[in-house]
Amino acid sequence: MKEELEGLRAQGAQVVPGGVSFSGGWEVCYAANLWSRIASRTLWRVGQFEYGNENDLYAAVRAIDWPDYFRVERTLRVNVTAQKSPLKSLEFATLRIKDAVCDRFRDAGGRRPDVERANPDVRVHAFLEGARGTLYLDTSGEPLFKRGWRAAQAEAPLRENLAAGIVMLSGWRPDEPLLDPMCGGATLLVEAAAMARGRAPGARRAFGFEKLAVFDSALWEKLKREAQGSSSEADLGLYGSDTEPRALAAARRNLAAAGVERWVQLEQADVLERSAPALAGVMVMNPPYGERMGSEEELARFYPRLGDALKKKFAGWRCHVFTADLRLPKLIRLEPSARKPLWNGALECRLYEFEMVAGSRRRKPG
Ligand SMILES: C[S@@+](CC[C@H](N)C(=O)[O-])C[C@H]1O[C@@H](n2cnc3c(N)ncnc32)[C@H](O)[C@@H]1O
């Protein structure tokens, strides 16, 4: 993510717990929202303080000139995340922060903004770490993985930003074939196509920064116009398959909604049976995992057969399997050439790479 932000001319990008901090003007902020494929949200830091109890918290939040940031007509939501905070109730802390923001508005003009939980105009995030608090305004609004193309839900879809990260980590280049043989709703394929075409992931959605007082609509229109001009039309070799007709129907709808269906060939096939669509290429997949998608025993039977299928039919391919099942390398009986830790929400996962070279990389049994 650091590299992605540096590419958007962010200054001082630095990996910090839970994200990457950076500075820059509004152009960098708008560009980060429009172009980041892997961030979940872009937050603007508006205050930092020390506190010991709810009263300190209230006073620190009220000291900020909120009417300078957004108009009283905007609806508001406050989110609080805390780690080792001395406060007893997060709910009460949230209420106090909300009251402090609203009271500041009332002092300034006699009115308070309304609170709206589901679809607020403005989101205030407070992070309380020990006795230190930081306040942010959310410039993204809805999280950035909501790109606006998902038309159909297949089972257990990946989040769009995680899918984009997996494709990036696979090292796939757009001139290589890419296959997802367990494609479900085609999240990986949509993100790969958008990446290869240079499509801005945020081109079709609204953002939180549009509701802030400092919104520069001329600058935003300029960035959106520039984003439209950058798409290339060269051919792509993207392939998807799945055993489930329902998954393929969802994949078709999603690819069409994202406007990338003409670059992706879909077919109904079992990953254990299908052949490779090209002599060499990159495979990405996330097999079913956990109770919801099949029992442990079923998966324990499936993985060795998957290993055999990759070995027999995909020599010359770099195969990437994303899973929360850390037994995978042992069960698939292939030696990973790389294993990259990733988080799917709170679930620790791995992206395993298996370089399929005819006759090698076989893991010794046991
Ligand atoms: C976790 S989902 C994939 C989700 C997908 N990455 C997405 O983001 O939408 C796993 C998919 O594997 C498919 N599947 C299960 N067994 C299969 C097999 N033997 N061959 C091909 N697909 C299979 C399921 O139908 C399901 O759509």
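Residues numbered from 1 in each chain as written. Predicted model: local features only at pLDDT ≥ 70, side-chain atom pairs only at ≥ 80, totals over all residues. Heavy atoms only, no water.

Caption draft 1: Summary view of the site of the ligand. Leu158, Thr187, Asp242, Val271 and Asn286 are the nearest of the 22 residues found near the ligand. Contact between the ligand and Leu158: an oxygen atom at 2.8 Å from a main-chain N or O atom of the residue. Separating an oxygen atom of the ligand from a side-chain N or O atom of Thr187 is a distance of 2.7 Å. Look at the ligand: alone it shows 600 Å² of surface, and the protein chains cover 91% of it. (Near = heavy atom within 4 Å. Polar contact = N/O pair within 3.5 Å; in protein donor to acceptor, adjacent residues only side chain to side chain. Areas by Shrake-Rupley, 256 points an atom, 1.4 Å probe, with all protein chains shown as cover.)

Caption draft 2: Here's a closer look at the side chain of His125. The topology assignment puts His125 in strand 5 (residues 122-129). Look at His125 and you get buried, because its relative accessible area is 10%. Looking at His125, its side chain comes within polar contact range of the side chain of Asp138, at 3.0 Å. The contacts of His125, once residues within four sequence positions are left out, are Arg41, Leu43, Asn79, Thr134, Leu135, Tyr136 and Asp138. (Helix = DSSP H or I, 4+ residues; strand = E, 2+ residues; numbered from the N terminus. Buried < 20%, exposed > 50% of the residue type's maximum accessible area, 1.4 Å probe, protein only. Contact = heavy atoms within 4.5 Å.)

Caption draft 3: Inspection of the domain arrangement of the protein at higher detail. Under the domain assignment, the protein is made up of domain 1 (43-138) and domain 2 (160-197 + 234-355). Taking only C-alpha atoms, the centre of domain 1 and the centre of domain 2 are 42 Å apart. (Domains from an automatic or database assignment.)

Caption draft 4: Summary view of the pattern of salt bridges. Scanning all chains against the criterion turns up 24 salt bridges. With its nearest N and O atoms 3.7 Å apart, the salt bridge here joins Asp99 to Arg96. In this pair, Asp99 and Arg96 are both assigned in helix 4 (residues 90-109), 3 residues apart and thus about one turn of the helix distant. Assessed through its relative accessible area of 18%, Asp99 is described here as buried. Measuring nitrogen to oxygen at the nearest pair gives 3.1 Å for the salt bridge that ties Lys98 to Asp99. On the basis of relative accessible area, Lys98 is assigned to the buried category, the value being 19%. Linked by salt bridges that have partners in common, Arg96, Lys98, Asp99, Asp103, Arg106 and Arg112 make up one network. (Salt bridge = Lys/Arg side-chain N within 4 Å of Asp/Glu carboxyl O.)

Caption draft 5: Main features of the environment of Arg197. Position of Arg197 among the secondary structure elements: in the loop between helix 6 (187-196) and helix 7 (217-228). Here the alpha-carbon distance between Arg197 and Ala338, two residues 141 residues apart in the chain, equals 27 Å.

Caption draft 6: Representation of the sheet that holds strand 10 (residues 281-285) in the model. Spatial strand order, 9-8-7-10-11-13-12: 7 strands in an open sheet with mixed pairing. Every other strand in the sheet has two partners, leaving strand 9 (264-268) and strand 12 (338-344) as the edge strands with one partner each. Averaged over all pairs of adjacent strands, the angle between strand axes in this sheet comes to 20 degrees, irrespective of strand direction. Here strand 12 pairs with strand 13 (residues 347-355) via 7 bridges, running antiparallel. Residue Asn344 lies in a different strand from strand 13, and its bridge partner there is Leu347. (Pairing = 2+ DSSP bridges. Axes fitted to C-alpha atoms, helices over the stretch in contact; angles between N-to-C directions.)

Caption draft 7: Up close: the sheet that holds strand 6 (residues 132-138). Pairing is mixed in the open sheet, where 4 strands are placed in the order 3-6-5-4. Where the open sheet ends on each side, the last strands, each with one partner, are strand 3 (43-50) and strand 4 (76-83). Between one strand and the next, the sheet's axes are offset by a mean angle of 20 degrees, whatever the strand orientation. As defined by bridge partners, strand 5 adjoins strand 6 across 6 bridges and the pair is classed as antiparallel. Of the residues in strand 6, the one forming a bridge with Glu129 is Arg132.

Caption draft 8: Just the environment of Pro277, in detail. Topologically, Pro277 is positioned in the loop between strand 9 and strand 10. Exposure remark for Pro277: the relative accessible area of 28% places this residue in the partly exposed category. Separated by 54 residues in sequence, Pro277 and Leu331 place their C-alpha atoms 26 Å apart. Aside from chain neighbours lying at most four places away, what touches Pro277 is Leu179, Tyr239, Phe314 and Trp317.

Caption draft 9: Spatial organisation of helix 3 (residues 54-62). Within helix 3, burial applies to Glu54, Leu57, Tyr58, Ala60 and Val61. For helix 3, the arc enclosing every buried residue in end-on projection is 165 degrees, short of the 170-degree limit, so these residues lie on one face. Looking at the buried residues of helix 3, the elements they touch are strand 3, helix 4, strand 5 and strand 6. N-capping of helix 3 is provided by Asn53, with a side-chain oxygen placed 3.0 Å from the backbone N of Asn55. (Arc of directions from axis to C-beta.)

Caption draft 10: Broad picture of the side chain of Glu176. Relative to the helices and strands, Glu176 is located in the loop between helix 5 (160-169) and strand 7 (178-180). On the accessibility criterion, Glu176 (11% relative accessible area) is buried. A polar contact is formed between the side chain of Glu176 and the side chain of Arg318, at a distance of 3.1 Å. Those residues in contact with Glu176 that sit more than four places away from it in its chain are Gly171, Gly237, Val282 and Arg318.

Caption draft 11: Region of interest: the packing of helix 3 against helix 4. Here helix 3 crosses helix 4 at 35 degrees, and the two axes come no closer than 8 Å. Crossing handedness for the pair helix 3 and helix 4: right-handed. Note on element contacts: helix 4 touches helix 3 through Phe92, Ala93, Arg96, Ile97, Asp99, Ala100, Val101, Asp103, Arg104 and Asp107, opposite Glu54, Leu57, Tyr58, Val61 and Arg62. Broken down by class, the residue content of the contact of helix 3 with helix 4 amounts to 8 nonpolar, no polar and 7 charged. (Left-handed = near helix turned anticlockwise from the far one by under 90°. Nonpolar A, V, L, I, M, F, W, Y, C, P; charged D, E, K, R; others polar.)

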